[in-house]
Amino acid sequence: MKNRNCLSICRWLALSVLIPAILVLSSSVACAHPLGNFSTNHFAHIEVGADRIKLRYVIDMAEIPTFRELQRLTGNGDSAPSSAELDAYAARVTEQYADALLLVIDDARVPLRVLETHAKLLAGAGGLQTMRLQCDFVGTI
């Protein structure tokens, strides 16, 4: 009877330590990539003024989309692009976004003009990189 109680207490103690440890360890892994290595996330912030509208458009690419873009940019996925190549890429893509984004006020399309663009590479999982592209636009009302 004593051995059975001791064994029961030991199991309870082991589970009370093991289960929180598993939860803590698994949550830290999930925080690293909440949407996965294949995702491309888009964010748009619209700021309305009296005579103009500002739009900040942000694209976050996970490792796989970044790898594909870097292959197009540099011709291979192994070498990192120079800052000039990254700036030229950001300028080219931002112009495409300015043409593709649709801002309509009173049934009239408002053309967007590029104010500023930034692209940066960040460390990702497995030694790969992620890319964040931030584009600032303005449209006159």
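1. Side note on the side chain of Thr74
Okay, so step 1: Position of Thr74 relative to the elements: it lies in helix α2 (residues 63–74).
Okay, so step 2: Within the local environment of Thr74, its side chain forms a polar contact with the backbone oxygen of Leu70, the two atoms lying 2.8 Å apart.
Okay, so step 3: Excluding residues within four positions of it along the chain, Thr74 makes contact with Ser79, Ala80, Pro81 and Glu85.

2. What about helix α3 (residues 83–100)?
Okay, so step 1: The end-to-end C-alpha distance of α3 is 25 Å, a good match for the 26 Å that 18 residues give at a rise of 1.5 Å each.
Okay, so step 2: Every buried residue of α3 is accounted for by Leu86, Tyr89, Ala90, Val93, Thr94 and Ala98. Buried residues in α3, looked at end-on, bunch into an arc of 165°, giving them a common side. Exposed and facing more than 90 degrees away from the buried side of α3 are Ala84 and Asp99.
Okay, so step 3: Here the buried face of α3 lies against β2 (52–61), α2, β4 (108–109), β5 (113–123) and β6 (129–140).

3. Points about the sheet that holds β5
Okay, so step 1: Strand order across the open sheet formed by 4 strands is β1-β2-β6-β5, with antiparallel pairing between neighbours. A strand with exactly one partner marks an edge of an open sheet, and here the two such strands are β1 (40–48) and β5. Here the average twist between neighbouring strands, direction ignored, is 10°.
Okay, so step 2: Packed onto the sheet, α2 meets β1, β2, β5 and β6 and runs at close to 80° relative to β6.
Okay, so step 3: Relative to β5, α3 is tilted by about 130°, and along the sheet it contacts β2, β5 and β6.

4. Thoughts on a nonpolar patch on the surface
Okay, so step 1: A cluster of nonpolar side chains, Ile46, Val48 and Ile141, forms an exposed patch at the surface whose accessible area comes to about 320 Å².
Okay, so step 2: Within the secondary structure, Ile141 sits in the segment after β6.
Okay, so step 3: Overall, the relative accessible area of 52% leaves Ile141 in the exposed class.

5. Digging into the environment of Tyr57
Okay, so step 1: Along the chain, the position of Tyr57 falls in strand β2.
Okay, so step 2: If near-sequence neighbours (up to four positions away) are discounted, Tyr57 is found in contact with His42, Phe43, Ala44, Tyr97, Leu101, Leu133, Gln134, Cys135 and Phe137.

Rules used in this analysis
Residues numbered from 1 in each chain as written. Predicted model: local features only at pLDDT ≥ 70, side-chain atom pairs only at ≥ 80, totals over all residues. Heavy atoms only, no water. Helix = DSSP H or I, 4+ residues; strand = E, 2+ residues; numbered from the N terminus. Polar contact = N/O pair within 3.5 Å; in protein donor to acceptor, adjacent residues only side chain to side chain. Contact = heavy atoms within 4.5 Å. Expected span 1.5 Å × (residues − 1). Buried < 20%, exposed > 50% of the residue type's maximum accessible area, 1.4 Å probe, protein only. Arc of directions from axis to C-beta. Pairing = 2+ DSSP bridges. Axes fitted to C-alpha atoms, helices over the stretch in contact; angles between N-to-C directions. Patch = residues over 30% accessible without salt bridge, like charges linked within 9 Å, V, L, I, M, F, W, Y side chains within 5 Å. Areas by Shrake-Rupley, 256 points an atom, 1.4 Å probe, with all protein chains shown as cover. Salt bridge = Lys/Arg side-chain N within 4 Å of Asp/Glu carboxyl O.

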